[in-house]
Amino acid sequence: MSTFVNPVTDQQASRLILRHYCQALEKAIESDVIIVGAGPSGLICAHDLAEKGHNVTVLDRHLVPGGGIWGGSMSFNYVILQKDVESILKDFGILFQEDEGALVVSSVAFASKLIFAVASHPKIKLFNLVTVEDLHSVENKVTGVVINNSAIQMSGLHVDPMVLTAKAVLDSTGHDAVLANLYSQRAKLNITKQSFMNAVQGEEDVINNTCMLAPGLFVAGMAANNVAGGARMGPIFGGMLLSGKKAAKLIAEYI
Ligand code: 48H
């Protein structure tokens, strides 16, 4: 007597996964916005754009999205946010404690809630284990990204990539500012390494440095500070959320 009334066969599992992954990937060939990097700035930007009705594709090279949130500070798994962003935490159902006028949040809960909101949004396709290795461009506008499977990319095998296109692309790849650097290999772009740690300054910088770098190419989060020489801010995350929100507004106005 078996437990399952509807057992799933091996063939079914393979067929269903292939069908649904390929359907999602096919839709992502042409989306409104591609977000590269599923850290806090990219996740918030994706969610805001999707809430406005845009079709968004989010790509991250790692197995687990969330970027630098998970590790907290020196592996102590809490992050700190300014009281000014309390309403954003409430929007995502992220619990916090107020202490010394700041908000203290479990980094695991913070990452999980943001990822859940993005991964389960009907207007967003989220692909992990996908590395962006180049930009797609038509008539001097950035019009998409060149992608490969992260395992293939890491192995160094020569396997040709695929292209996903969009009306706008966001570089939210954190400290590496991958897309900005790829762009600057082909066209003039002033990239200044991020500055020393100074949390109060860095949190202002990251919002001010969020911008359109070139037609169709936007930058947010730590990547924005890397491009423009903004300060680091360690485990303080309010600026990342507000940078993602600013990027969503700029992108929505552009597309
Ligand atoms: C696909 C890629 C690629 C690629 C990278 O680092 P992140 O968390 O980014 P932000 O800017 O949203 O948040 C920064 C924050 O986490 C942080 O590091 C802070 C506050 N530091 C302060 C300090 O002083 O150090 O996430 C970037 C994501 C990661 O998940 C990468 O895997 C992904 O981008 N990524 N995805 N293709 N080529 N490169």
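Everything numeric in this text was worked out from a predicted model, so none of it was measured. (Residues numbered from 1 in each chain as written. Predicted model: local features only at pLDDT ≥ 70, side-chain atom pairs only at ≥ 80, totals over all residues. Heavy atoms only, no water.)

### Looking at the overall build of the protein
Regarding its fold elements, the protein presents nine helices and 11 strands. Relative to a compact globule of 255 residues, whose C-alpha radius of gyration would be 18 Å, the protein shows 19 Å and is just as compact. C-alpha extents for the protein along the principal axes are approximately 60 × 50 × 35 Å. Evaluated residue by residue, the protein yields a buried proportion of 45% over its 255 residues. (Helix = DSSP H or I, 4+ residues; strand = E, 2+ residues; numbered from the N terminus. Rg over C-alpha atoms; globule rule 2.2 N^0.38 Å. Buried < 20%, exposed > 50% of the residue type's maximum accessible area, 1.4 Å probe, protein only.)

### Structural notes on the nonpolar core
Ranked by internal contacts, the top residues of the largest apolar core, which has 41 residues, are Ile35, Leu81, Phe110 and Leu114. If we ignore the near neighbours within four places in the chain, the residues touching Phe110 are Ile69, Val79, Leu81, Leu89, Ile94, Val105, Phe237 and Leu241. The next biggest cluster of nonpolar side chains, apart from the first, holds 29 residues, and it includes Ala28, Ala166, Leu179 and Ala224. (Core = buried A, V, L, I, M, F, W, Y, C linked by side-chain atoms within 4.5 Å. Contact = heavy atoms within 4.5 Å.)

### Describing the packing of helix 7 (residues 199–208) against helix 9 (residues 238–254)
Between helix 7 and helix 9, whose axes approach to 8 Å, the crossing angle comes to 10°. Considered as vectors, helix 7 and helix 9 are oriented roughly parallel to each other. Between helix 7 and helix 9, the contacting residues are Glu203, Val206, Ile207 and Asn208 on the first element and Gly238, Gly239, Met240, Leu242, Ser243 and Lys246 on the second. A class-by-class count of the residues in the contact of helix 7 with helix 9 yields four nonpolar, four polar and two charged. (Axes fitted to C-alpha atoms, helices over the stretch in contact; angles between N-to-C directions. Parallel < 35°, antiparallel > 145°, perpendicular 65-115°, else oblique. Nonpolar A, V, L, I, M, F, W, Y, C, P; charged D, E, K, R; others polar.)

### Overview of unusual backbone geometry
Leaving glycine aside, a negative phi is the common case for residues, and trans is the common case for peptide bonds. One non-glycine residue, Leu129, adopts positive backbone phi at about 60°. Turning to its location among the elements, Leu129 is positioned in the loop between strand 6 (124–127) and strand 7 (130–138).

### Focus on the sheet that holds strand 4 (residues 97–99)
In spatial order, the strands read 3-5-4; together these three strands make up an open sheet with antiparallel pairing. The open sheet is flanked by strand 3 (78–82) and strand 4, the only strands paired with a single partner. Neighbour to neighbour, the strand axes of the sheet diverge by 35° on average, direction disregarded. Of the pairings in the sheet, the one linking strand 3 to strand 5 (residues 102–106) comprises five bridges and is antiparallel in character. The residue of strand 5 that forms the bridge with Ile80 is Val104. (Pairing = 2+ DSSP bridges.)

### Here's the deal with the side chain of His47
Position of His47 relative to the elements: it lies in helix 2 (residues 40–51). Overall, His47 belongs to the buried group, its relative accessible area being 15%.

### A few points about the site of the ligand
In the vicinity of the ligand lie 28 residues, with Ser41, Asp60, Gly68, Met222 and Arg232 positioned nearest. Here Met222 contributes a backbone N or O atom positioned 2.7 Å from an oxygen atom of the ligand. Side-chain polar atom of Arg232 to an oxygen atom of the ligand: 2.7 Å apart, as the coordinates give it. Alone, the ligand offers 800 Å² of accessible surface; in the complex the protein occludes 93% of this. In this structure, the ligand is accommodated by the largest pocket. Those elements giving two or more residues to the shell around the ligand turn out to be helix 2 and strand 7. Here the shell around the ligand gets three residues from one element, more than from any other, and that element is strand 7. Classifying every residue of the shell around the ligand gives 12 nonpolar, 13 polar and three charged. (Near = heavy atom within 4 Å. Polar contact = N/O pair within 3.5 Å; in protein donor to acceptor, adjacent residues only side chain to side chain. Areas by Shrake-Rupley, 256 points an atom, 1.4 Å probe, with all protein chains shown as cover. 1 Å grid on protein atoms, 1.4 Å probe; cavity = no way out; pocket = protein on both sides within 12 Å on 5 of 7 lines; lining within 4 Å. Sits in = over half its atoms within 2 Å of the grid points.)

### Let's talk about the state of the cysteines
Under the criterion given, the structure shown has zero disulfides. Just so you know, Cys45 is unpaired, no disulfide at all, and the nearest cysteine sulfur is the one on Cys211, 13 Å from it. For Cys45, a relative accessible area of 0% puts it in the buried group. (Disulfide = S-S within 2.5 Å.)

### Concerning the pattern of salt bridges
By the definition in use, this model includes eight salt bridges. When the shortest N-O distance is used, the salt bridge between Asp134 and Arg186 registers 2.8 Å. With Asp134 in strand 7 and Arg186 in the loop between helix 6 (178–184) and helix 7, the pair connects residues that are 52 residues apart, well separated along the chain. With a relative accessible area of 18%, Asp134 lands in the buried category. Judged by relative accessible area, Arg186 falls into the exposed class, the value being 54%. (Salt bridge = Lys/Arg side-chain N within 4 Å of Asp/Glu carboxyl O.)

On their own, these measurements won't tell you what the molecule is for.
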